[in-house]
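The primary structure of each chain is shown beneath.
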Amino acid sequence: MATKLSTLYVGHGWRGFSSSNHSNPRLPVTPVRLLPIFCKNRQRNFSSQHKRQQVKKFSPEPPPMDEKFQTSDDECSEVQSAIPDAITSLPEAATSTSTEVDTSFTAKNTETNFDNSALVDEKSTAENGDGGEKLSNVRLGDLIGMIRNAQKNILLLNQARVRAFEDLENILSEKEALKGEINILEMRLADTDARIKDAAQEKVHVEVLEDQLEKLKNALTGRRAADESGQDLYEDLDQILKERAPLSHDNSLHSLREVQSFSKDLSSLRTENVSLKEDMQKLKEELSNIMETDERVLLLEKDRSSLEAALKDLESKHVAALADVSKLSYLQFECMDMREKIGSLQGLLDKATKQADQAISALQENHELRKKVDRLEETLQEADAFRTSSDNMQQYNELMQQKIRLLEERLQRSEQDIHSNIELYQQSVKEFQDTLNSIKEQSKERAQDGPVDDMPWEFWSRLLLIIDGWFLEKKISSSYANLLREMAWKRDGRISAAYLACRDKSEHETLSTFLRLALSSTRPGLHIVHIAAEMAPIAKVGGLGDVVTGLSKALQNKGHLVEIILPKYDCMQYDGIGDLRALDVAVESNFDGQLFKNKVWVGTVEGLPVYFIEPHHPAKFFWRGQFYGERDDFKRFSFFSRAALELLLQAGKKPDIIHCHDWQTAFVAPLYWDLHYHERLGLARICFTCHNFEYQGETSASELASCGLDVHRLNRPDRMQHNSAHDRVNPVKGAIVFSNIVTTVSPTYAQEVRTAEGGHGLHATLNDHSKKFIGILNGIDTDTWDPKTDTFLQVQYGADDLQGKAENKEALRKHLKLSTAEARQPLVGCITRLVPQKGVHLIRHAIYRTVELGGQFVLLGSSPVPTIQKEFEGIANHFQNNPHARLILKYDEALSHAIYASSDMFIIPSIFEPCGLTQMIAMRYGSVPIVRKTGGLNDSVFDVDDDSVPLQYRNGFTFLTPDELGVNSALERAFDNYMENSKSWQQLVQKIMKTDFSWDSSVSHYEELYVKAVNRAMEQERKTRT
């Protein structure tokens, strides 16, 4: 029995020792001293060597286990240290251990009852002996009772200790669990800010914890297996005791001999009980410590709950912060919009301030007038008082007032006569001035044409010496020297005027002036060839076609020889070409390493000679049914550019200027210099005009080789290489680099494209070549766009006869089925391509806003962008039955003339506009423009309320910011002006109709650029020869 209890306690003591040693170092464990003494009684008949073996066998060391469950002390320590990270696994282990202990004690009690019955039988046998034996039996019974009591005490103590260990393990597990949770909370709290930056760290942490938990579960599985092994050892020992129980019964007769040994055992048992009491006391102290630990655990639990609350608060704040960040980005966008609006409001505020200052001055004047009125009232009161005192005086006053009225009427008539006389005088002065100017011009022309007699011969001699000096110094050729000498001999007024004009100029400038004079005397003008992809009206997509035709006609009117080269499209308006015929010659050009023939056609358009090139190429480059928008546009127009140069070369032409337009013919400039055409075409200079820098035709650099250009030599940053992609080329950049003259279509646009915002990637290149870059405002063809002769109109009219404009307005309304109830209802027109550049969102807004303001709106145009076209088709359907708006989503030449003539206002809300011709055409027809201040619109339309602009130049309504507020401001001001002051509106219409938007002023700028370029070429040629 004692041996079984010892074995049981040794097994559990080893387990408890392991737990206490790693979980709570303060818990006292003495498994050797707690081993019951009764193991010695069971083994006293054995030899001393055998006893030592038995003691060794039941030492406090762990019982042997299978190899796969044996662990070293370090491994055990690792398992125990992992317990706090997997507390949830421990309750199961504790329950299992408790079940095993209860089972062990049940077996122990069964064995105890069995031994007691054996002792009773032993006692009854001893009573039949002598008295000594009886006394021995009594003492033996007392000893057995004492042993039983000790056994019960030990049992209770073991049970208490087991429960204490279980409670301790539970408490420690809960404590470690709380510590783990607190640690996790602390980590979560510390990582809250970091989680905002990188949420992935939490996932990594969780994965690490899962790995640790898996290791702990594996360790606990091994531990549980070890406990089961200990239970097997206990069952083996129990079986041995059962086998030896009969032997102890048989030897009961020798118990008297063992009384003394039992006495010794009893004393050792008492000592053991004392030690057990001490252990119990220590356990109580440990329990008190555990209670304190529980209190601390409660505090930690409170801290944990507070930390969880704080964490939730932080998470809510984090969510709110994320929402605030999204709101902040939206607010930043709104802030940028507000800054732009503030800028516009600042301008309005400045205007309002000026108006307020004027109002203040007016109020001050009114205040002074008020004082004068008060004084007059006082005088009248005095007069009234005097009148009441004398009736005669009243009659006298009435008579005086009648005389005053007569004098005022006479004064008014005198003022009217004076005004009429002043107007007559001003007209007479103007007529006199005009007559005087005409006389001066005639005198000047006669002086230039005829000899000048008022100059002394010394003047002419000095002039001849200067000419001879230039010739001897080889600054001019002999032919030019002879021409200039002849003019000096004849005392030509032109050479004397040129000499007098160059008195304060440098020799270089004087020489250039005399060379131009010699050039003009040898022939009537320059030979200019335009190479372009469009020409109005036969091949027109946008403003490029109008510019090519208008500029060419203006140059022709100036006496220059102008020719135009175009592709022969299959979709041209052939009825606009006069005398179209094919030449019996084929011009060959190289492309993709092969020679291709080109058929040449000639004809006249608007009185201009035009050459049409029809390539005999298998790709049928210009038989596509449209002008642009093909996948191989780069190949199509690079082929055409080289074929155009070959046409000039094979026709033996040596033009002074080759003028190419936009990216489609930008190839002409690098081809001219790279393929040595300049050596065979004389001294021709290249002029390149870019009408819109948004379209640059860039493509892969390898495509450049098709037309014969050297890719390796030209694909460089300082030549044709794209500024942001090294494997691409930009034809427009190449034209800027290789042309002698680079122009664009308005001064403001020339400034805009030199900035990063407006240059579309070419601002750096344009700044590098700024000396040859200039902006010249386009003009319009005043012969084509003339309301006095326009055959598309219902009624022709002019600035002095605006009734015809009203009749055209009524005719258009009837044609489009718009309301005609109110003749004075304002009509707003818009003719444009519906592309983002034109501000399609602002056009859409203007339609609705015009109807809201009580006006009518007519839109003519289409979009190459399917989504935009579909959107405006939806708007057109919306207004289909509305009597105040119509959208015609196509281009109609006749209808465009009718809209210009009928509209009271014309809106152009472009995001950017290089030049724009529609505002000029609209003013030509008496339609007041409403435009955004950008590009050419800023150079041609000036706000009627802008005090910084002279009154005679104010001709429309403008806005700056490209938004709905800007459109509303300009549109509402125009409506107010139209509705409230019809007389001033009529004066404005008449003024803009008389404004000159022809090509006369613009062509002079081009002419000057051409002449300078040709003169530089001649000087370079002269220097080369010398």
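For the structure, see preceding data.
These remarks concern the structure in this document. Note that the structure is a prediction, hence the values are computed from the model and not measured.

**A short note on the overall build of the protein**
Part 1 of the argument: Along the protein, the regular secondary structure elements total 30 helices and 17 strands.
Part 2 of the argument: Out of the 1026 residues belonging to the protein, those deemed buried represent 43%.
Part 3 of the argument: Residue pairs at least 24 apart in sequence account for 74% of intrachain contacts in the protein once pairs closer than 6 positions are excluded.
Part 4 of the argument: Carbon together with sulfur atoms contributes 53% to the accessible area of the protein, which is approximately 55500 Å² in total.

**Concerning the packing of helix 28 (residues 964-980) against helix 29 (residues 982-993)**
Part 1 of the argument: With their axes 5 Å apart at the nearest point, helix 28 and helix 29 run at an angle of 110 degrees to one another. Accordingly, the angle class assigned to the pair helix 28 and helix 29 is roughly perpendicular. Contact residues: A974, N977, Y978 and E980 in helix 28; S982, S984 and W985 in helix 29.

**Here we look at the pattern of salt bridges**
Part 1 of the argument: Summed over all chains, the structure comprises 23 salt bridges.
Part 2 of the argument: Notably, a salt bridge pairs E563 with K653, separated by 3.0 Å at the nearest N-O pair. Of this pair, E563 sits in strand 2 (residues 561-567) while K653 sits in the loop between helix 16 (633-650) and strand 6 (657-661), and the two are 90 residues apart along the sequence.
Part 3 of the argument: Through salt bridges with shared partners, a single network forms among K553, E606 and D781.

**Here we look at the side chain of R924**
Part 1 of the argument: Looking at where R924 falls in the secondary structure, it is placed in helix 26 (residues 918-924).
Part 2 of the argument: By relative accessible area, which is 19% here, R924 ends up buried.
Part 3 of the argument: Non-local contacts of R924, meaning those with residues more than four positions away in its chain, are made with I780, T782, W785, D786, P787 and M993.

**Some thoughts on the nonpolar core**
Part 1 of the argument: One finds I565, I658 and F693 to be the most contacted residues of the largest nonpolar core, which totals 77 residues.
Part 2 of the argument: What F693 contacts, discounting residues up to four positions off in sequence, is V732, I736, T744, Y749, V753, H760, L762, L766 and F773.
Part 3 of the argument: Counting residues in each nonpolar core, the second largest holds 69 residues, with W785, L812, F906 and V931 among its members.

**Some remarks on the sheet that holds strand 13 (residues 856-860)**
Hydrogen bonds along the backbone pair up the strands of a sheet, which may run parallel or antiparallel.
Part 1 of the argument: The strand order 14-13-12-15-16-17 describes an open sheet built from six strands, whose pairing is parallel. One side of each edge strand has no neighbouring strand; the edge strands of this open sheet are strand 14 (885-888) and strand 17 (957-959). Between one strand axis and the next, the sheet turns through 15 degrees on average, direction left out of account.
Part 2 of the argument: Pairing of strand 16 (residues 928-932) with strand 17, which is carried by three bridges, proceeds in the parallel orientation. Looking at the pairing, V931 lines up with T958 of strand 17.
Part 3 of the argument: Taken strand by strand, helix 28 contacts strand 12 (827-831), strand 15 (905-908), strand 16 and strand 17, and its axis lies near 165 degrees from that of strand 17.

**As for the sheet that holds strand 6**
Part 1 of the argument: The strand order across the open sheet formed by nine strands is 3-4-5-2-1-6-7-10-11, and the pairing between neighbours is mixed. Each having just a single partner strand, strand 3 (578-591) and strand 11 (773-775) make up the two edges of the open sheet. Across the sheet, the mean angle separating the axes of adjacent strands is 25 degrees when strand polarity is ignored.
Part 2 of the argument: Inspection of the sheet shows strand 1 (residues 527-531) paired to strand 6 by four bridges, in the parallel sense. Bridge pairing links I531 to C660 in strand 6.
Part 3 of the argument: Taken strand by strand, helix 16 contacts strand 1, strand 2, strand 3, strand 4 (594-605), strand 5 (608-615) and strand 6, and its axis lies near 105 degrees from that of strand 3.

**Structural notes on the packing of aromatic side chains**
Part 1 of the argument: Summed over the entire model, instances satisfying the criterion amount to 23 aromatic pairs.
Part 2 of the argument: Centre to centre, the rings of Y569 and F627 are 4.7 Å apart; their planes meet at 90 degrees, and the pair counts as edge-to-face. Remark: F627 occurs in the loop between strand 5 and helix 16 and Y569 occurs in the loop between strand 2 and strand 3; sequence separation between them is 58 residues.
Part 3 of the argument: Since its relative accessible area comes to 0%, Y569 is described here as buried.
Part 4 of the argument: Arranged with centres 5.8 Å apart and planes meeting at 65 degrees, the rings of F622 and F637 form a pair that is edge-to-face. One end of the pair, F622, is in the loop between strand 5 and helix 16; the other, F637, is in helix 16, with 15 residues separating them in the sequence. Judged on exposure class, the residue F622 and its partner F637 are both buried.
Part 5 of the argument: In textbook terms, an aromatic cluster arises when at least three aromatic residues are bridged by ring pairs, as seen for Y569, F622, F627, Y628, F634, F637, F640, W663 and F667.
Part 6 of the argument: Above the ring of W601, the side-chain terminus of K568 is found at 4.6 Å from the ring centroid.

**What to know about the pairing of strand 5**
Part 1 of the argument: In terms of burial, strand 5 is a largely internal element, seven of the eight residues being buried.
Part 2 of the argument: Bridge count for strand 2 against strand 5 is four bridges, and the pairing is parallel. Its bridge partner being in strand 5, I564 is matched across the sheet by V610.
Part 3 of the argument: Pairing of strand 4 with strand 5, which is carried by eight bridges, proceeds in the antiparallel orientation. Directly across from V600, in strand 5, lies its bridge partner I613.
Part 4 of the argument: Between strand 4 and strand 5, which pair antiparallel one after the other, the connecting turn spans two residues, and E606 there sits at a positive phi close to 55 degrees.

**Remarks on the environment of G758**
Part 1 of the argument: Here G758 shows up in the loop between helix 20 (747-752) and helix 21 (763-768).
Part 2 of the argument: Exposure remark for G758: the relative accessible area of 17% places this residue in the buried category.
Part 3 of the argument: The spacing of G758 and F693 is 65 residues in sequence and 8.4 Å in space, taken between C-alpha atoms.
Part 4 of the argument: Residue contacts for G758: discarding those within four places in its chain leaves E752 and V753.

**Here we look at the pairing of strand 12**
Part 1 of the argument: Counting buried positions along strand 12 yields five of five residues, so the element is predominantly enclosed.
Part 2 of the argument: Burial along strand 12 is two-sided: L827, G829 and I831 and V828 and C830, pointing in opposite directions, are all buried.
Part 3 of the argument: Where strand 12 and strand 13 come together, five bridges link them in parallel fashion. Looking across to strand 13, one finds that V828 is bridged to F857.
Part 4 of the argument: Handedness of the β-α-β unit built from strand 12, helix 23 (residues 840-852) and strand 13 comes out right-handed.
Part 5 of the argument: Strand direction decides the pairing type here: strand 12 and strand 15, joined by two bridges, are parallel. Across the sheet, G829 pairs through a bridge with F906, a residue of strand 15.

**Remarks on the side chain of S998**
Part 1 of the argument: Inspection of the secondary structure puts S998 in the loop between helix 29 and helix 30 (1000-1025).
Part 2 of the argument: On the basis of relative accessibility, which here comes to 10%, the residue S998 falls in the buried class.
Part 3 of the argument: Among the polar contacts made by the side chain of S998, one reaches the side chain of D996 at a distance of 2.7 Å.
Part 4 of the argument: Discounting residues that sit within four places of it in the chain, S998 has contacts with G779, I780 and T782.

**Some details on unusual backbone geometry**
Part 1 of the argument: Following A536, the chain continues into P537 via a peptide bond in cis, with omega recorded as 0 degrees.
Part 2 of the argument: Mapped onto the elements, P537 comes out in the loop between strand 1 and helix 15 (543-557).
Part 3 of the argument: The phi dihedral of D579 is positive, around 55 degrees, even though this residue is not glycine.
Part 4 of the argument: Turning to its location among the elements, D579 is positioned in strand 3.
Part 5 of the argument: The class of D579 is exposed, set by a relative accessible area of 67%.
Part 6 of the argument: Here the phi dihedral of K817 falls at roughly 60 degrees; this positive angle occurs in a residue that is not glycine.

Thresholds, definitions, all that
- Residues numbered from 1 in each chain as written.
- Predicted model: local features only at pLDDT ≥ 70, side-chain atom pairs only at ≥ 80, totals over all residues.
- Heavy atoms only, no water.
- Helix = DSSP H or I, 4+ residues; strand = E, 2+ residues; numbered from the N terminus.
- Buried < 20%, exposed > 50% of the residue type's maximum accessible area, 1.4 Å probe, protein only.
- Contact = heavy atoms within 4.5 Å.
- Areas by Shrake-Rupley, 256 points an atom, 1.4 Å probe, with all protein chains shown as cover.
- Axes fitted to C-alpha atoms, helices over the stretch in contact; angles between N-to-C directions.
- Parallel < 35°, antiparallel > 145°, perpendicular 65-115°, else oblique.
- Salt bridge = Lys/Arg side-chain N within 4 Å of Asp/Glu carboxyl O.
- Core = buried A, V, L, I, M, F, W, Y, C linked by side-chain atoms within 4.5 Å.
- Pairing = 2+ DSSP bridges.
- Phe/Tyr/Trp six-rings, centres within 6.5 Å; stacked < 30°, edge-to-face > 60°.
- Lys NZ or Arg CZ within 6 Å of the ring centre and 35° of its normal.
- Right-handed = clockwise from strand over helix to strand, strands pointing away.
- Polar contact = N/O pair within 3.5 Å; in protein donor to acceptor, adjacent residues only side chain to side chain.

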